[in-house]
Amino acid sequence: MSCKKCGTAFDENGVCPSCGAKQLKGKGYRIGHSILCCILTLLLTVTLISLAAARSILNGTVVDDSVEQLDLATLPVGRFVGAEDAEQNLAGYLLDEYVTDKDITEEEVATMLKDLGAEAVIQEKTNAYLSLFRGTSDEIPTLTSAEIVELLEKNEDKILTTFAITIEPSDKELIASELDPIMNAVNDSMQTNYGSKFSRSVSRFWLSTPCFVILILLGLVIMIRWCVVYKKSTGAASKGVRAFGISSLIPAALMLIIGVAALIFSASLPDADTANRILITLFNGTGEAFAMFSGICVLVSIFLIILSKLLAFERKPAAATSNASIENAPIVQEAAASAPVQEMAQSAPQTESAPALPCCPNCGKQAFKAEQKFCMSCGSAMQIAAPAPAPETDPVISLDKPEAESAEPVLTDDTPSETTI
């Protein structure tokens, strides 16, 4: 295999003995490393956008606003308890299943639920979890069925006088048996992730500023590696920048679509009950966060693609020179072989005008032959010169008379003469 710069064959070490250029890697090297870099770029882009959106949601007011929208009385529970009306709220379900007094209305049941204080307990637990996630507190909140039972015991007399419902010990045991598995799973997960100082540090690291700096630096390392791969395989490092930009553009664009879809979905939900109001708040906050950070990633990716085009455009003259050298390599050898012949032809007197040879418009060098397309010195395209006109000569008129040839032979002393008698 020959060098692309000078046309010299590479040695056994893959180095050009003339210009010192290294032999380019094969297509398999480029494809294998490109697949690996592409996978790493996709994972990095998705992770970076997701963590940035989660950090924005956690440090913002999305969760707080959602909890403030909570209203247990209007919470739809029909589909979860097997009611005939799948959209039946909690107040209506309690009225139909447990209240025997026909004079009790759904509004009174809703007022009773609000007086229980369950919503305040939920808000308190949510704020405690947010403080733990944000790092402002190391205390792990716990959820137990005993807290729910305690709320019922505090309002047991009011429930009895208002709804004529007596809460039996069996009811309390049933509530505990239904809630304990769920609450214990949540408590165990929180203890695993935030129980020790080390686990808290690891869990909080993913949403910290140093984590984002490391991920951005990792992205730069992947892009540099991609540039090295393309430099060794094609000689153009700018193609690595373009490949990194395209690989990061695809997941960023998909996540941008997801964020916009979340905003559209939240706008289409009616705010008739508390569940829809909570969903509207959550989807608005989540959609805005994902759309914002995905949009930033899309703009960065487009910038990298444009930058790669500019870098490739700047190196085109050098590439053209290299290609011209490659194409003219056989011409150099032919010209070297025919140099003595040309010197002899130039030294011999020419009776006819020689054909015009192309000239380089950049450096002024003349080509070795008429078919040469590129300059051997600078690589520029040759300019075909117009054929030189034949020199005009005046006719020569001779005034001397040509000597007449003598018809008689010339006698000399050595020539014998005949004597006539």
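Residues numbered from 1 in each chain as written. Predicted model: local features only at pLDDT ≥ 70, side-chain atom pairs only at ≥ 80, totals over all residues. Heavy atoms only, no water.

Asks: What is the right way to look at the overall build of the protein in this model?
Replies: Scanning the protein for helices and strands turns up 14 helices and zero strands. In the protein, which comprises 421 residues, the proportion classed as buried is 30%. Pairs at least 24 residues apart make up 59% of the contacts formed inside the protein by residues separated by at least 6 positions. Of the roughly 27500 Å² of accessible surface on the protein, 61% is carried by carbon and sulfur atoms. (Helix = DSSP H or I, 4+ residues; strand = E, 2+ residues; numbered from the N terminus. Buried < 20%, exposed > 50% of the residue type's maximum accessible area, 1.4 Å probe, protein only. Contact = heavy atoms within 4.5 Å. Areas by Shrake-Rupley, 256 points an atom, 1.4 Å probe, with all protein chains shown as cover.)

Asks: Looking at this structure, I do not really get the nonpolar core. What am I missing?
Replies: Within soluble globular proteins, side chains that are nonpolar generally end up buried alongside one another. Judged by nonpolar contacts, the single largest core of 21 residues is most densely connected at Val99, Ile104, Val109, Leu113, Ile159 and Phe163. For this core, the elements supplying multiple residues, two or more each, are α4 (90–97), α5 (106–116), α7 (145–154) and α8 (156–163). Once residues within four sequence positions are removed from consideration, isoleucine 159 is found in contact with Met112, Leu116, Leu152, Ala164, Ile165 and Ile167. Counting 16 residues, the second-largest nonpolar core is a separate cluster that includes Ala52, Phe212, Met223 and Trp226. (Core = buried A, V, L, I, M, F, W, Y, C linked by side-chain atoms within 4.5 Å.)

Asks: Help me out: how do you make sense of the packing of helix α1 (residues 27–59) against helix α12 (residues 238–268) in this one?
Replies: A pair of packed helices is characterised by two quantities: the angle between their axes and the separation of those axes. α12 packs onto α1 with a crossing angle of 40° between their chain directions and a minimal axis gap of 9 Å. When the axis of α1 is compared with that of α12, the two are oblique. Crossing handedness for the pair α1 and α12: right-handed. Here Cys38, Thr41, Leu42, Thr45, Val46, Ile49 and Ser50 of α1 come into contact with α12, specifically with Phe244, Ser247, Ser248, Pro251, Ala252 and Met255. (Axes fitted to C-alpha atoms, helices over the stretch in contact; angles between N-to-C directions. Parallel < 35°, antiparallel > 145°, perpendicular 65-115°, else oblique. Left-handed = near helix turned anticlockwise from the far one by under 90°.)

Asks: What is the right way to read the layout of surface pockets from this model?
Replies: The method is simple in principle: a probe with the dimensions of a water molecule rolls over the atoms, and the space it marks as empty is what remains. Approximately 1900 Å³ is the volume attributed to the largest pocket. Along the wall of the largest pocket there are 44 residues; nearest its centre are Leu72, Leu90, Ile148, Ile175 and Leu179. Counting only elements with at least two residues in the lining of the largest pocket, the list comes to α2 (62–68), α3 (78–81), α4, α5, α6 (118–134), α7, α8 and α9 (169–194). For the lining of the largest pocket, the leading source of residues is α9, giving eight residues. Considered class by class, the residues forming the lining of the largest pocket number 36 nonpolar, four polar and four charged. (1 Å grid on protein atoms, 1.4 Å probe; cavity = no way out; pocket = protein on both sides within 12 Å on 5 of 7 lines; lining within 4 Å. Points joined across faces, edges and corners; volume = space filled by probe spheres on them. Nonpolar A, V, L, I, M, F, W, Y, C, P; charged D, E, K, R; others polar.)

Asks: Sorry, what's going on with the pattern of salt bridges here?
Replies: In a structure, side chains of opposite charge can pair up when their charged atoms sit close to one another. Applying the stated rule across the entire model yields seven salt bridges. We note a salt bridge from aspartate 64 to arginine 134, for which the minimum N-O separation is 3.8 Å. Taken together, the positions of aspartate 64 in helix α2 and arginine 134 in helix α6 put the pair 70 residues apart, joining distant regions of the chain. A salt bridge links arginine 200 to aspartate 138, with the nearest nitrogen and oxygen atoms 3.6 Å apart. Of this pair, arginine 200 sits in helix α10 (residues 197–205) while aspartate 138 sits in the loop between α6 and α7, placing them 62 residues apart in sequence. (Salt bridge = Lys/Arg side-chain N within 4 Å of Asp/Glu carboxyl O.)

Asks: For this particular structure, what's the right way to read helix α11 (residues 209–233)?
Replies: Residues lying three or four places apart along an α-helix face the same way, a consequence of the helix completing one turn every 3.6 residues. With 25 residues, α11 extends 37 Å from end C-alpha to end C-alpha; this agrees with the ideal 36 Å at 1.5 Å per step. Among the residues of α11, those classed as buried are Cys211, Phe212, Leu215, Gly219, Ile222, Met223, Trp226, Cys227, Val229, Tyr230 and Ser233. Phi turns positive one or two residues past the end of α11, at glycine 235, with a value near 85°. (Expected span 1.5 Å × (residues − 1).)

Asks: Looking at this structure, I do not really get the environment of cysteine 363. What am I missing?
Replies: Locating cysteine 363 in the fold gives a position in the segment after α14 (316–347). C-alpha separation for the pair cysteine 363 and serine 377, spaced 14 residues apart in sequence, amounts to 7.8 Å. Apart from residues lying up to four places away in sequence, cysteine 363 is in contact with Cys375, Ser377 and Cys378.

Asks: How should I be thinking about the side chain of serine 34 in this particular structure?
Replies: Relative to the helices and strands, serine 34 is located in helix α1. Judged by relative accessible area, which is 12%, serine 34 ranks as buried.

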